Amino acid sequence: MNISILGSTGSIGTQTLDIVRDHNDTFKVSAITGNKNIKLLEEQAREFSPELVCVADEAAAKDLKIRIKDTSVKVLGGGDSIVTAAELPASDSVVVSVVGMAGIEPTIAAIKSKKRVALANKETLVAAGNIIKECEEQYGKCIIPVDSEHSAIFQSMQGMSDRKEIKKILLTASGGTFYGKKREDLLNITPADALHNPNWDMGAKVTIDSSTLVNKGLEMIEAKWLFDVPMDKIEVLIHRQSVLHSAVQFTDNAVIAQLGVPDMRVPIQYALTYPKRMSIPDNDLDLTEYASLTFEKPDTDTFYALELARWAGTEGGTLATVFNASDEAAVELFMRGELSYLEITEAIEYAMQSHKNIKNPTLSDIYNADKEAREIVYKRRHKA
Ligand code: MN
């Protein structure tokens, strides 16, 4: 199987390459892309010999071209080159693990080129869910989720004979760094306090989003689009052990879940090999090591970003883009000490209240809403 990895230098990208390394008889890399980390792109290009390497940053692309001119690997530069990698005729599957809104257009290109799309980018469905679904209706269903929760839900639905059999989706959350805390405990939280997450090793943005439960909110909206269920059928459960990665409850109240040690290689590999499975080294789950698995309702008074996400997902349209973009801007300001921790969620609420929703947005409506939401949040920053 030939795969293109969009965002090969990030966490999902490098773990995809680990999988390729472990099963080099099954997978071949046809394209990799990155932003500007050309040192790592060079290493990856030399090890995996793809047909194409794309670098979003033009200057970095020029640099890389010189560095690997002794190989037969082709180098392209610029944001559009990522779309070229998504459409590459040689590849069967495209892993979309680029960060942010930059995931939308390559995903559309991959769907139109009839690739299997292993989707790890959240913004694509959160912001452009209506466009992506239309595209899949026209070109064929091809997205397999890579996020651990959505992969678990997807796996739990195998064997289901009709979508009407779904009673609800049980989306699990670790609870984040500030689990059990109340608003008054969170007044003086610093970025360093927020960056500690015991179960999953994630980037700074996702770790903060996981602590505010914004990340879970984004996942609720993604689940709505991926599984075609209304928001009121999506329930969030706090599950501190991060062993049960999400579940589906069916109309007969049977709950089917997927469990495992926290290991992103499982959902990444399954997205590529579905409906088949293959071995993965060093991730055996020993359930006897866990004294108990616990499940609780989330504290939506303290972590009301979940309610904001439910609102965004129910309304649909550009409001979901605003939820995402205002959070991104607010987290950036928090990291720079220009917003307090509690003001992250307050900024999202304010941006959403200020927004005039567009129900069935075009790509340009979505990009405009994204930009406006960021500007609204930047205006709230504290003067140093
Ligand atoms: Mn997740």
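Predicted model only: the values in this text are computed from it and were never measured. (Residues numbered from 1 in each chain as written. Predicted model: local features only at pLDDT ≥ 70, side-chain atom pairs only at ≥ 80, totals over all residues. Heavy atoms only, no water.)

### Let's talk about the overall build of the chain
Regarding its fold elements, the chain presents 15 helices and eleven strands. For the chain, whose C-alpha radius of gyration is 20 Å, the value lies close to the compact-globule estimate of 21 Å for 384 residues. Expressed as lengths along the three principal axes of its C-alpha atoms, the size of the chain is roughly 60 × 55 × 40 Å. Considering the chain as a whole, with its 384 residues, one finds that 54% of them fall into the buried category. Partitioning the intrachain contacts of the chain with sequence separation of at least 6 by distance along the chain shows that 69% fall at a separation of at least 24. Summing over all exposed atoms, the chain offers an accessible surface of approximately 17000 Å²; the carbon and sulfur share of this is 50%. One way to put it: in the chain the 43 positive side-chain charges average out to a point 3 Å from where the 55 negative ones average out. (Helix = DSSP H or I, 4+ residues; strand = E, 2+ residues; numbered from the N terminus. Rg over C-alpha atoms; globule rule 2.2 N^0.38 Å. Buried < 20%, exposed > 50% of the residue type's maximum accessible area, 1.4 Å probe, protein only. Contact = heavy atoms within 4.5 Å. Areas by Shrake-Rupley, 256 points an atom, 1.4 Å probe, with all protein chains shown as cover. Lys, Arg positive; Asp, Glu negative; His and termini not counted. Charge placed at Lys NZ, Arg CZ, Asp CG, Glu CD.)

### Remarks on the packing of aromatic side chains
What the rule picks out here adds up to five aromatic pairs. Consider the rings of Phe 154 and Tyr 270, whose centres lie 6.3 Å apart with planes at 65°: the pair is edge-to-face. Of this pair, Phe 154 sits in helix α7 (residues 148-156) while Tyr 270 sits in helix α11 (residues 265-273), and the two are 116 residues apart along the sequence. The pair formed by Phe 154 and Tyr 270 is uniform in burial state, with each residue classed as buried. Look at Phe 178 and Tyr 341: their rings are 5.1 Å apart centre to centre, the planes differ by 80°, and that puts the pair in the edge-to-face class. Here Phe 178, found in the loop between β8 (166-173) and α8 (191-194), pairs with Tyr 341, found in helix α14 (residues 341-354); they are 163 residues apart in sequence, far enough to count as distant. Residue classification places Phe 178 among the buried residues on the basis of a relative accessible area of 5%. An aromatic cluster is defined as three or more aromatic residues linked by ring pairs; in this entry it consists of Phe 154, Tyr 270 and Tyr 274. When the ring centre of Trp 225 is taken as origin, the NZ or CZ atom of Lys 224, which lies over that ring, is 4.3 Å away. The cationic tip of Arg 380 hangs over the ring face of Tyr 350; the distance from NZ or CZ to the ring centre is 4.4 Å. (Phe/Tyr/Trp six-rings, centres within 6.5 Å; stacked < 30°, edge-to-face > 60°. Lys NZ or Arg CZ within 6 Å of the ring centre and 35° of its normal.)

### With respect to the layout of surface pockets
Its volume calculated, the second largest pocket comes out at about 390 Å³. Along the wall of the second largest pocket there are 18 residues; nearest its centre are Lys 133, Lys 141, Phe 154, Arg 163 and Leu 226. Split by residue class, the lining of the second largest pocket holds eleven nonpolar, one polar and six charged. Split by domain, the lining of the second largest pocket shows at least three residues from each of two domains, domain 1 (2-145) and domain 2 (169-383). (1 Å grid on protein atoms, 1.4 Å probe; cavity = no way out; pocket = protein on both sides within 12 Å on 5 of 7 lines; lining within 4 Å. Points joined across faces, edges and corners; volume = space filled by probe spheres on them. Nonpolar A, V, L, I, M, F, W, Y, C, P; charged D, E, K, R; others polar. Domains from an automatic or database assignment.)

### Some details on the domain arrangement of the chain
Partitioning the chain into structural domains gives domain 1 (2-145) and domain 2 (169-383). Inter-centroid distance (C-alpha atoms) of domain 1 to domain 2 is 24 Å. In this assembly, 33 residues from domain 1 lie in contact with 32 residues from domain 2. Of the roughly 2900 Å² buried between domain 1 and domain 2 on both sides combined, carbon and sulfur atoms contribute 68%. Linking domain 1 with domain 2 are one salt bridge, by the criterion used here. In this structure, the salt-bridge partner of Glu 219 is Lys 122, at a minimum N-O distance of 3.3 Å. Taken together, the links from domain 1 to domain 2 amount to eleven residue pairs in polar contact (both at pLDDT 80 or more). (Buried area = accessible area lost by both parts, 1.4 Å probe. Salt bridge = Lys/Arg side-chain N within 4 Å of Asp/Glu carboxyl O. Polar contact = N/O pair within 3.5 Å; in protein donor to acceptor, adjacent residues only side chain to side chain.)

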